[in-house]
Amino acid sequence: MKRRVGVLISGRGSNMAALLDAARDPDYPAEIVLVISNRPHAPGMALASQAGVEARAIDHRRFGTDRASHETVIDAALRDARVEIVCLAGYMRLLTPSFVGAWQGQMLNIHPSLLPAFPGLHTHERALAAGVKLHGCTVHLVTDAMDQGTILAQAAVPVLADDDADRLAARVLAEEHVIYPLALRAFAEGRPAVSAPADAVLRNPLPNERGLA
Ligand code: GAR
């Protein structure tokens, strides 16, 4: 029985698209049943619709500063769709403890850094400013403490001498598209966390190619 997944987005939706692609495999243990965006014109909405997935805009601006009411509507939509696992995929709103608590242990996020380094925003700029030689991305469980839940998967990329934030972001994003589907697969199957070192760094095959994922 496939696990029912709802994806929350705010923008481009490339990670959502990677999850949709993975879920096309009949053996994938999860299906994306609903995509919700807090921005009605997020490009990801069109991608979801084209893929035949229900895409629902729940515009946060309708609720002013009342975060809880916005989340109540999101929560109801997820429950109506009988969602079991929520994947945040570039969802750029902070969630209240109440919503996080309601989905505790069932909500994943993808973050563009090797947590616990660089939680929060502008991770690529901050990685460059810090002079780190390895950067990357993390899939983790969502808890009240921002970007601090259990790490489910990580991938590393090298920081190159001539990188700017855009070039580094693109290298990280390519890895995000690999590890989010891997992490969701493992999570949906109830398997322990995976780790996906990038070929570029360790010249290893990805864990799934080694049969470990
Ligand atoms: C991704 O890089 C994701 O890791 C990041 O936003 C981007 C969304 O891109 N998420 C965060 O920064 C969350 N704090 P996408 O819409 O193409 O998936």
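Residues numbered from 1 in each chain as written. Predicted model: local features only at pLDDT ≥ 70, side-chain atom pairs only at ≥ 80, totals over all residues. Heavy atoms only, no water.

**Quick word on the site of the ligand**
Quick note on the threshold: It suffices for a single heavy atom of a residue to lie within 4 Å of a molecule or strand for the residue to be listed as near it. Counted as a polar contact is a pair of N or O atoms within 3.5 Å, where, for protein atoms, one must be capable of donating a hydrogen and the other of accepting one, and residues adjacent in sequence contribute only when both atoms are in side chains. The method behind every accessible area is Shrake-Rupley, applied with a 1.4 Å probe, and residues are considered shielded solely by the protein chains displayed. Elements are defined by DSSP. Helices are runs of H or I of four residues or more, strands are runs of E of two residues or more, and each kind is numbered from the N terminus. In the scheme used here, Gly and all other residues not listed as nonpolar or charged are polar, with Ala, Val, Leu, Ile, Met, Phe, Trp, Tyr, Cys and Pro taken as nonpolar and Asp, Glu, Lys and Arg as charged.
Around the ligand, the structure places R12, G13, S14, N15, G90, M92, I110, H111, P112, L173 and E176. Measuring from an oxygen atom of the ligand, one finds a backbone N or O atom of G13 at 2.8 Å. E176 places a side-chain nitrogen or oxygen 2.7 Å from an oxygen atom of the ligand. Here the ligand has 450 Å² of accessible area as a free molecule, and 87% of this is covered by the chains. Elements represented by at least two residues in the shell around the ligand include exactly α1 (14-23), β5 (107-111) and α6 (165-188). Class assignment of the residues belonging to the shell around the ligand gives a composition of 4 nonpolar, 5 polar and 2 charged.

**Observations regarding helix α3 (residues 67-80)**
At 3.6 residues per turn, the α-helix brings residues three or four places apart onto the same side. The condition that has to hold: Any helix carries an expected span of 1.5 Å times its number of residues minus one. Burial here depends on accessible area, computed with a 1.4 Å probe over protein chains only, as a share of the maximum for the residue type. Under 20% is buried, over 50% is exposed, and the range in between is partly exposed. Summarising the geometry, the arc corresponds to the directions from the helix axis toward the C-beta atoms. We call two residues contacting when some pair of their heavy atoms lies within 4.5 Å.
For α3, built from 14 residues, the straight-helix expectation of 20 Å at 1.5 Å per residue is met to within 8% by its first-to-last C-alpha distance of 20 Å. Of the positions making up α3, those classed as buried are H70, E71, I74, D75, A77 and L78. The buried residues of α3 all sit within an arc of 160° when viewed along its axis, so they share a single face. Facing away from the buried side of α3 by over 90 degrees, the exposed positions are T72 and D80. Where α3 is buried, its residues touch β1 (3-9), β2 (30-37), β3 (54-57), β4 (85-88) and α4 (97-102). Within two residues after α3, R82 carries a phi angle of roughly 55°, on the positive side.

**Some words on the pattern of salt bridges**
Cut-off, in case you're wondering: One side-chain nitrogen of Lys or Arg within 4 Å of one carboxyl oxygen of Asp or Glu is enough to make a salt bridge.
Using the criterion set out here, one finds 10 salt bridges in the structure. Between E31 and R4 there is a salt bridge, with the nearest N and O atoms lying 3.9 Å from each other. Pair noted here: E31 is in strand β2 and R4 is in strand β1, with a separation of 27 residues, a long-range link. Residue classification places R4 among the buried positions, given a relative accessible area of 19%. For R185, the salt bridge goes to E189, with nearest N and O atoms at 3.5 Å. Counted as one network, the salt bridges with shared partners bring together D25, R185, E189 and R191.

**Details of the pairing of strand β6 (residues 134-141)**
Condition: By the convention used here, strands pair only if DSSP detects at least 2 bridges between them.
The buried fraction of β6 amounts to 7 of the 8 residues, a majority that puts the element mostly inside the structure. The pairing of β5 with β6 spans 4 bridges and is antiparallel. From the neighbouring strand, I110 faces β6, where its bridge partner is V139. The pairing of β6 with strand β7 (residues 151-158) spans 7 bridges and is antiparallel. Counterpart to C137 in the pairing with β7 is A155.

**A short note on the confidence of the model for the chain**
Detailed reading of the predicted coordinates is not advisable wherever pLDDT falls low. Note the cut-off: Across the chain, each position has a pLDDT score giving the predictor's confidence in that residue, from 0 to 100.
Chain-level pLDDT for the chain is 91 on average; 90% of the residues reach the 70-or-more range. Taken as a whole, residues 197-213 scores under 50 in pLDDT and shows 29 contacts with residues more than four places along the chain or in a different chain.

**Description of the sheet that holds β7**
Note the threshold: Only the stretch in contact is used when a helix axis is fitted, and all axes are lines through C-alpha atoms; the angle between N-to-C directions ranges over 0 to 180 degrees.
Taken together, 7 strands build an open sheet; the order of strands is β3-β2-β1-β4-β5-β6-β7 and the sheet is mixed. Two strands bound the open sheet, and with one partner strand each, they are β3 and β7. For this sheet, the mean inter-axis angle between neighbouring strands, taken without regard to orientation, is 20°. One ladder, built from 3 bridges, connects β4 with β5; its direction is parallel. Within β5, the position partnered with C87 by the bridge is L108. In this fold helix α2 (residues 43-50) packs onto β1, β2 and β3, with an angle of close to 155° to the strand it touches most, β3. Its contacts with the sheet place α6 against β1, β2, β4, β5, β6 and β7, and it is angled at close to 155° to β7.

**Section: the packing of α1 against α2**
Note the following rule: Oblique is the label for any angle not covered by the other classes, which are roughly parallel (under 35 degrees), roughly antiparallel (over 145) and roughly perpendicular (65 to 115). Note on convention: the crossing is left-handed when the near helix lies turned anticlockwise from the far helix by less than a right angle, right-handed when the turn is clockwise.
Put simply, α1 and α2 touch, their axes get as near as 9 Å, and they point 15° apart. Put simply, α1 runs roughly parallel to α2. Seen along the crossing, α1 lies across α2 with a hand that is right-handed. Along its contact with α1, which presents M16, A17 and L20, the element α2 presents G44, L47 and A48.

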